[in-house]
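Here are the chains, one letter per residue:
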2 protein chains.
Amino acid sequence: MQENASKSTLKRLPFYLDVLKKKKKNGEEYVSSSQIAKELNLNDVQVRKDLATASKLGGKPKVGYEINELISDINTYLGCNRIDKAVLVGVGSLGKALLGYKGFLEYGLEIVAAFDNYPSVIGDEIKGIKVFSMDKLALSIKENNIKIGIITVPASAAQKICDQLVDAGCKAIWNFAPTKLNVPLDVVIQNENMASSLAILSRHLNNKK
Amino acid sequence: MQENASKSTLKRLPFYLDVLKKKKKNGEEYVSSSQIAKELNLNDVQVRKDLATASKLGGKPKVGYEINELISDINTYLGCNRIDKAVLVGVGSLGKALLGYKGFLEYGLEIVAAFDNYPSVIGDEIKGIKVFSMDKLALSIKENNIKIGIITVPASAAQKICDQLVDAGCKAIWNFAPTKLNVPLDVVIQNENMASSLAILSRHLNNKK
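Just so it is clear, the structure is predicted and the values come from calculations on it, not from any experiment. (Residues numbered from 1 in each chain as written. Chains lettered and ligands numbered in written order. Predicted model: local features only at pLDDT ≥ 70, side-chain atom pairs only at ≥ 80, totals over all residues. Heavy atoms only, no water.)

A.B. asks: Talk me through the relation of the copies chain B and chain A; I want residue IDs and the actual numbers.
C.D. replies: For the pair chain B and chain A, the relating rotation is 180°, the translation along its axis is 0.0 Å, and the fit reaches an RMSD of 0.0 Å. In the structure described here, the two chain copies are related by an operation that fits a two-fold rotation axis. When C-alpha distances to the rotation axis are compared across chain B, the minimum falls at Ala97 of chain B, with a value of 2.1 Å. Comparing contact sets, 100% of the residues at the interface of chain B also lie at the interface in chain A, consistent with an isologous, same-surface contact. (Least-squares fit on C-alpha atoms with pLDDT ≥ 70 in both. Contact = heavy atoms within 4.5 Å.)

This is the structure in structure tokens:
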């Protein structure tokens, strides 16, 4: 991967943004790394290191970081000011749920089209997003220069769909299918495994009985 | 935490289940740890260690594990044979999406009620799940002996809601709000941070330009 920041740093940056926006809303102008660290139960040194990845802004002695500039730097670094277009494959229950979720735009993601094999959903429109048949997938990705593919098909079909997305030009895959997928080295994959999360919660409850 | 398995083991077990179910569907009866390891790009020793956590079944030399029994043992260990009841707080766009998702039942989770402050959604029914006002939350959790709380409110309100869920008796919190939450030691929290996932995908695309 070309990334100069670790995945853990990238995962923490949205939390910093959240704290910074809250403080801005409260009328605060400056924040220290130790204040951020305290709010998020993190280590002060870690916070300073993470912030240095995303921003050239140094914390000034005694006053700390300028909140407005830090928000802008992190937004730019994460690409939040930009809207990335994505396609979604698999218009089942989970796919429909994600198509109906309007919060992605806030995070800079716009789902522009959905694809499925089932004749019963092809041609449907879900919250303004049209569902096309699978044979339109590759052309749609190429013509619209789409780089993000969202997979919400059953686990057994996920690798095949993933290959099609990558072959058509996707460089980032957001996988909601409960299975491990293989992608080329220049493609990033992010797994959202609800089954794994539920396993952790359920096992914890099991142990308490 | 009371758990005797690491979070990483718990996260991998649903993937093993997935592989085992696929093999069962193909009519296979036995599987070796190295076959599972290969399918998931994992280490053989790791797989054997994980399986030993969930099952007393040993892999027999040459033939491997009995697929049927291993599926049953992992299901029991993870509590997948049991349905855990949950409440959801925050009936916005994401909350509605999750209420509409029927796949949770497969993983052993049933959302039995939803809660919100907005008069416009209170009394609504979303895919059969009724939305109640927040002042009914604590009693509902206690009366129905609910142990799992799902948080889909904005980040700024999440800690307050989390405290209410824990005070009412929840021992497991599934947090979809993009913020870090504090819980007592005997409560497990699982964060589902879409903003963090999108940050990783978006940054990767950013680096390619």
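A.B. asks: So what's going on with the packing of helix α8 (residues 194-207) of chain A against helix α1 (residues 7-25) of chain B? Residues and values would help.
C.D. replies: Remark: α8 of chain A packs on α1 of chain B, axes separated minimally by 8 Å, with the N-to-C direction vectors making an angle of 125°. By the angle between their axes, α8 of chain A is oblique relative to α1 of chain B. Remark: the crossing between α8 of chain A and α1 of chain B carries right-handed chirality. Every residue of α1 of chain B that contacts α8 of chain A at Ala195, Ser196, Ala199, Ile200 and Arg203 of chain A is listed here: Lys7, Leu10, Lys11, Pro14 and Phe15 of chain B. Looking at the contact of α8 of chain A with α1 of chain B, its residues break down into 6 nonpolar, 1 polar and 3 charged. (Axes fitted to C-alpha atoms, helices over the stretch in contact; angles between N-to-C directions. Helix = DSSP H or I, 4+ residues; strand = E, 2+ residues; numbered from the N terminus. Parallel < 35°, antiparallel > 145°, perpendicular 65-115°, else oblique. Left-handed = near helix turned anticlockwise from the far one by under 90°. Nonpolar A, V, L, I, M, F, W, Y, C, P; charged D, E, K, R; others polar.)

A.B. asks: With reference to specific residues and values, describe the interface of chain B and chain A.
C.D. replies: At the interface, 64 residues of chain B touch 64 residues of chain A. Across the chain B/chain A interface, buried area totals approximately 6,100 Å², and carbon plus sulfur atoms make up 63% of it. On inspection of chain B and its partner chain A, the count reaches 0 salt bridges. At the surface where chain B touches chain A, the tally comes to 20 residue pairs in polar contact (both at pLDDT 80 or more). Within the residue set of the side of chain B that touches chain A, elements represented by two or more residues are α1, α4 (67-78), α5 (93-100), β8 (172-175), β9 (188-191) and α8 (194-207) of chain B. Per-element tally for the side of chain B that touches chain A: the top contributor is α8 of chain B, with 14 residues. (Buried area = accessible area lost by both parts, 1.4 Å probe. Salt bridge = Lys/Arg side-chain N within 4 Å of Asp/Glu carboxyl O. Polar contact = N/O pair within 3.5 Å; in protein donor to acceptor, adjacent residues only side chain to side chain.)

A.B. asks: Give me the pattern of salt bridges: which residues, what numbers.
C.D. replies: All names here are of chain A. For the coordinates displayed, the defined rule picks out 14 salt bridges over all chains. Residue Asp44 pairs with Arg48 through a salt bridge whose shortest N-O separation is 3.2 Å. Here Asp44 pairs with Arg48, and both are found in helix α3 (residues 44-54), just 4 residues apart, close to one helical turn. When its relative accessible area of 27% is taken as the criterion, Asp44 is described as partly exposed. Assessed through its relative accessible area of 38%, Arg48 is described here as partly exposed. (Buried < 20%, exposed > 50% of the residue type's maximum accessible area, 1.4 Å probe, protein only.)

A.B. asks: Can you tell me about the environment of Ala199 of chain B, naming the residues and giving the values?
C.D. replies: Counting through the fold element by element, Ala199 of chain B comes out in helix α8. In this structure, the C-alpha to C-alpha distance between Ala199 of chain B and Ile111 of chain B, residues 88 residues apart in sequence, is 29 Å. Those residues within four positions of Ala199 of chain B in sequence are excluded, and the remaining contacts are Leu10, Pro14 and Leu78 of chain A.

A.B. asks: Tell me about unusual backbone geometry, and name the residues and values.
C.D. replies: All names here are of chain A. Despite not being glycine, Lys127 shows a phi value in the positive range, around 50°. Turning to its location among the elements, Lys127 is positioned in the loop between β5 (125-126) and β6 (129-133). Relative accessible area serves as the criterion here: at 59%, Lys127 is assigned to the exposed category.

A.B. asks: Which residues make up the sheet that holds strand β6 (residues 129-133) of chain B, and what values go with them?
C.D. replies: All names here are of chain B. Strand order in the open sheet made by the 7 strands is β5-β6-β4-β3-β7-β8-β9, with mixed pairing throughout. At either end of the open sheet lies a strand with only one pairing partner, and these are β5 (125-126) and β9. Two elements, β5 and β6, share 2 bridges in a ladder whose sense is antiparallel. In the sheet register, Ile126 faces β6, and the bridge partner there is Ile129. In the packing of helix α7 (residues 155-168) onto the sheet, contacts are made with β3 (84-89), β7 (148-151) and β8, and the angle to β7 comes to roughly 170°. (Pairing = 2+ DSSP bridges.)

A.B. asks: Please provide a residue-by-residue account of the pairing of β6 of chain B, values included.
C.D. replies: Residues in a regular strand project their side chains so that they alternate between the two faces of the sheet. Residues and elements named next belong to chain B. The alternating pattern of β6 places Ile129, Val131 and Ser133 on a buried face and Lys130 and Phe132 on a face that is not buried. Taken together, the 3 bridges between strand β4 (residues 109-116) and β6 define a ladder with parallel strand orientation. For Asp116, the partnering residue across the bridge sits in β6 and is Ser133. The hairpin formed by β5 and β6 contains 2 residues between the paired strands, and Lys127 there has a positive phi angle of roughly 50°.

A.B. asks: Quick one: what's the story with the environment of Met134 of chain B, residue by residue and with numbers?
C.D. replies: Residue and element names in this part refer to chain B. Counting through the fold element by element, Met134 comes out in the loop between β6 and α6 (137-143). When the C-alpha positions of Met134 and Ile161 are compared, they lie 9.5 Å apart, and in sequence the two are 27 residues distant. Those residues in contact with Met134, other than ones at most four positions away along the chain, are Val89, Phe115, Asp116, Asn117, Ile161 and Gln164.

A.B. asks: Just give me the short version of helix α5 (residues 93-100) of chain A, but keep the residues and values in it.
C.D. replies: Within an α-helix, residues lying three or four positions from one another point in the same direction, as the helix has 3.6 residues per turn. Among the 8 residues in α5 of chain A, 6 count as buried, and that is most of the element. Among the residues making up α5 of chain A, those that are buried are Leu94, Gly95, Ala97, Leu98, Leu99 and Gly100 of chain A.

A.B. asks: If you had to explain the side chain of Ser55 of chain B to someone new, which residues and values would you point to?
C.D. replies: Residues and elements named next belong to chain B. Among the structural elements, Ser55 can be located in the loop between α3 (44-54) and β2 (65-66). Judged by its relative accessible area of 6%, Ser55 is buried. Among the polar contacts made by the side chain of Ser55, one reaches the main-chain amide nitrogen of Leu57 at a distance of 3.0 Å. In contact with Ser55, other than residues within four places in its own chain, are Leu70 and Asp73.

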